[in-house]
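So you can see what is in the structure, the chains are spelled out below.
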Amino acid sequence: MQTLISLHKNYTLNGEGYQLKLPLNLETIIPVDDSVRLLSQFVEAMDLTDLYSTYKRINTFSPRTLLKIVLYSYMNGDYSSRSMELNCKRDINFMYLLEGKPVPDHATFARFRSIHFAPCAKRILAEMSHLLYDLREISGETIFMDGTKIEACANKYTFVWKKAVTGNQGKLLVKIADLIAECEQLYGIRIVHGDTVKMKHVKRLRKKLYALKQEENIAFVHGIGKRKSALQKSIETLEDYLGRLKGYTQKLHICGKRNSFSKTDQDATFMRMKEDAMGNGQLKPAYNLQHGVDAEYIVWLTVGPQPTDATTLIPFLKEAGEYLSFKHKKIIADAGYESEENYVFLDENQQLAYIRPSNYEISKTRKYKNDIGRMEHMDYDETSDSYTCRNGKKLSFAYVRRSKSKTGYVSEKSIYQCSECKGCPYKKDCIKGNNCKTPMEERNKVLSVAKTFLKYRKKDLERILSEEGILLRTNRSIQAEGSFGELKQDMQFRRYLSRGTPNVLAESVLLAMAGNVNKLHNKIQKGRTGSYLFPIKSA
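One numbering rule holds for all chains: residues counted from 1, following each sequence as written. Under the rules for a predicted model, residues below a pLDDT of 70 receive no local features and side-chain atom pairs below 80 are neither given nor counted, while totals for whole chains, interfaces and linings still include all residues. Hydrogens are left out, water is left out, and the side-chain values use all remaining heavy atoms of the structure.

Observations concerning the overall build of the protein
Here is the rule: Put simply, DSSP marks the helices as runs of H or I at least four residues long and the strands as runs of E at least two long, and each gets a number from the N terminus on. Radius of gyration here uses only the C-alpha atoms, and the compact-globule reference equals 2.2 Å multiplied by the residue count raised to the power 0.38. Note on exposure labels: buried denotes an accessible area under 20% of the residue type's maximum, exposed denotes more than 50%, and partly exposed covers the range between, all computed with a 1.4 Å probe on protein chains only. In this description, contact between two residues means that some pair of their heavy atoms is separated by no more than 4.5 Å. Per-residue accessibility takes into account occlusion by the displayed protein chains alone, with areas from the Shrake-Rupley method and a 1.4 Å probe.
Regarding its fold elements, the protein presents 17 helices and 13 strands. The C-alpha atoms of the protein give a radius of gyration of 33 Å, which is well past the 24 Å a tight globule of 539 residues would have. Across its three principal axes, the protein shows a C-alpha extent of roughly 105 × 90 × 50 Å. Within the protein, the fraction of its 539 residues that count as buried is 42%. Counting only contacts in the protein whose residues sit at least 6 apart along the sequence, the fraction spanning at least 24 positions is 66%. When the accessible area of the protein is evaluated, it comes to approximately 31,400 Å², of which 50% is carbon and sulfur surface.

Observations concerning the packing of helix α3 (residues 63-75) against helix α17 (residues 501-525)
To be explicit about the condition: Throughout, an axis means a line fitted to C-alpha atoms (over the contacting stretch in the case of helices), and angles, computed between N-to-C directions, take values from 0 to 180 degrees. Here roughly perpendicular refers to angles of 65 to 115 degrees, roughly parallel to angles under 35, roughly antiparallel to angles over 145, and oblique to all remaining angles. We call Asp, Glu, Lys and Arg charged. Ala, Val, Leu, Ile, Met, Phe, Trp, Tyr, Cys and Pro are nonpolar, and the rest, Gly among them, are polar.
α17 packs onto α3 with a crossing angle of 75° between their chain directions and a minimal axis gap of 8 Å. By the angle class used here, α3 and α17 are roughly perpendicular. Judged by residue contacts, Leu67, Val70, Leu71, Tyr74 and Met75 of α3 engage Glu507, Leu510, Leu511, Met513, Ala514, Val517 and Asn518 from α17. Here the residues of the contact of α3 with α17 sort into 10 nonpolar, 1 polar and 1 charged.

Comments concerning the environment of Ser411
Relative to the helices and strands, Ser411 is located in strand β12 (residues 410-417). For Ser411, a relative accessible area of 14% corresponds to the buried category. Linking Ser411 and Thr452, residues 41 residues apart in sequence, is a C-alpha distance of 8.5 Å. Residues within four places of Ser411 in sequence aside, it is in contact with Glu340, Arg401, Arg402 and Ser403.

Considering the pattern of salt bridges
Between side chains of opposite charge, a pair can form when the charged atoms approach closely. Here is the rule: By convention in these notes, a salt bridge is any Lys or Arg side-chain nitrogen within 4 Å of a carboxyl oxygen on Asp or Glu.
This structure, assessed with the given rule, holds 25 salt bridges. For Lys68, the salt bridge identified is with Glu44, shortest N-O distance 2.6 Å. Linking Lys68 in helix α3 with Glu44 in helix α1 (residues 35-44), this pair joins segments that are 24 residues apart in sequence. You can call Lys68 buried: its relative accessible area is 2%. Relative accessible area serves as the criterion here: at 44%, Glu44 is assigned to the partly exposed category. Residue Asp385 pairs with Lys451 through a salt bridge whose shortest N-O separation is 3.5 Å. Taken together, the positions of Asp385 in the loop between β9 (379-381) and β10 (386-388) and Lys451 in helix α15 (residues 451-464) put the pair 66 residues apart, joining distant regions of the chain.

Looking at the nonpolar core
To keep it simple, the criterion reads: Only buried residues count toward a nonpolar core. Its members are Ala, Val, Leu, Ile, Met, Phe, Trp, Tyr and Cys residues joined through side-chain atoms within 4.5 Å.
With 88 residues, the main nonpolar core has Leu67, Phe117 and Met513 as its most contacted residues. A total of 11 residues in this core trace back to one element, the largest contributor, which is α17. Ignoring anything within four residues of it in the chain, the contact list for Met513 reads Met46, Leu71, Phe117, Ile124, Leu125 and Met128. In terms of nonpolar packing, the next biggest core, distinct from the first, is built from 24 residues, Val160, Val202, Leu205 and Leu242 among them.

Some words on the pairing of strand β13 (residues 446-449)
Quick note on the threshold: Following DSSP output, two strands are said to pair if at least two bridges run between them.
Burial along β13 is one-sided: Leu447 and Val449 are buried, and none of Val446 and Ser448, which face the opposite way, are. Strand direction decides the pairing type here: β12 and β13, joined by 4 bridges, are antiparallel. Residue pairing for β13: Gln417 is matched across the bridge by Val446.

A short note on helix α4 (residues 81-90)
For an α-helix the count is 3.6 residues per turn, leaving residues at separations of three or four pointing the same way. What counts, and what does not: This arc is built from the directions going out from the helix axis to the C-beta atoms. Contacts described as polar in this section are N or O atom pairs within 3.5 Å, which, within protein, must combine one atom able to donate a hydrogen with one able to accept it, while residues neighboring in sequence count only if both atoms come from side chains.
Every buried residue belonging to α4 is among Ser81, Met84, Glu85, Asn87 and Cys88, and all of these are buried. Projected down its long axis, α4 carries its buried residues within an arc of 165°, all on one side. For α4, exposure combined with an orientation more than 90 degrees from the buried face picks out Arg82 and Arg90. Each element contacted by the buried residues of α4 is listed here: α3, α5 (92-98) and α6 (106-117). The backbone nitrogen of Arg82 has a side-chain oxygen 3.3 Å away, supplied by the residue at the start of α4, namely Ser80.

Things to note about the state of the cysteines
Note the threshold: Note on terminology: disulfide denotes any pair of cysteine sulfur atoms within 2.5 Å.
Tallied over the entire structure, the rule returns 0 disulfides. Among the cysteines around Cys430, which has no disulfide bond, Cys389 carries the closest sulfur, lying 6.0 Å off. The class of Cys430 is buried, set by a relative accessible area of 9%.

Okay, here's the thing in structure tokens:
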């Protein structure tokens, strides 16, 4: 006869004759080479004084245990706090990390990430890098840099553009000035005693209008069938203008030096994202994540609003020097980091630049080599400080042009001009630009030369073309870009789950730490510990 199941909340009542069979020691279920054992040992060896200092008192769950669970969840590509709670109830590896303690709820994990881990995320990442350095897993000599854009936790239609806000603010200020002039004429009051309208005049007008309302005992009316007085219309218009002006001022303050921000996540900046192999994409709120990789481990990272990589190198190296006890001597990066400011900083900081020049690939083409209008294809005379073109004419030094970048760096360019270009047979090939208003017959060749930049670029080019430079450039492609490949493809992380720069930085650090433990586990199992660079394979 078939046994019926009792529909009771307690399912153990249906277990008649069922005997649960488990080993006496549950730890034997976990393989001896499982990564959870390595993670537990690694976190136990770390100094987490900064993390413990964020707690006033510690109850059931120690910060070290919570860090182990969160990192192990990130190592397995699971970033939800509710999934962490569920795994602690079901997964034997999470139970191993709990060490017999009760299961934390999802709010405990969420508070741990945002309240306790976020303020000291950089110091904990530095502690991991120091531990790897002590284990001789990272060299401390070479660092490979690269950056990527990761979408923020915000809608793509919540944009605020600084240029549009500035334009609207200018139009509103004109309307306010017109309103003040209208009120002066309508109510016979004098507000502005000059040509310039200032904010104090607007406040004075508001005060006088409300005083007129009180003197004449005017009651404001609202609704259908009721006619508003002229004073009420003036006051309501002024209040509307002041509210809009306050909103524009707040938006410009949030923007700061950026060109845009998102209403949902005000720290996110709109950037053009790569959506497919052809580079077709659209503007989305995102963060610029920079990785510094040494021996396949992420030793440092930064998160910023910069849409390009050129302005991220100096802040990155300054932060790394502040937190890390060792200093990398060789900086390897791609062409996006090349600038005169970066070259000068690395030289003053006694670090060697292995940055591929931005014209490295195009300089190999036939079109570039046959371009007679380029400075590289003209003869330079140091004595007279002049260039000689294909037609034998001299381009003499005229003046120095100084330009200031967004970061405040002042660069100098020497301008050389030729005064004998009339009737030159090479004129069309030498002088470029078809949008100039001056006719081609009246134009003369002008050459712009950044001598400081070219001096550093020449030394850098010699380094990257050496055997060591080729080895380092090859490893940059493997290690730095490989760290983002593991992040986006292996760990399936393509969009941040939290908002605000501190939380986004904490999320990035947790991902980097989880990736480092996975990398250490794989290198141990494959017998690759202590290796810093991949050798170049011969054909």
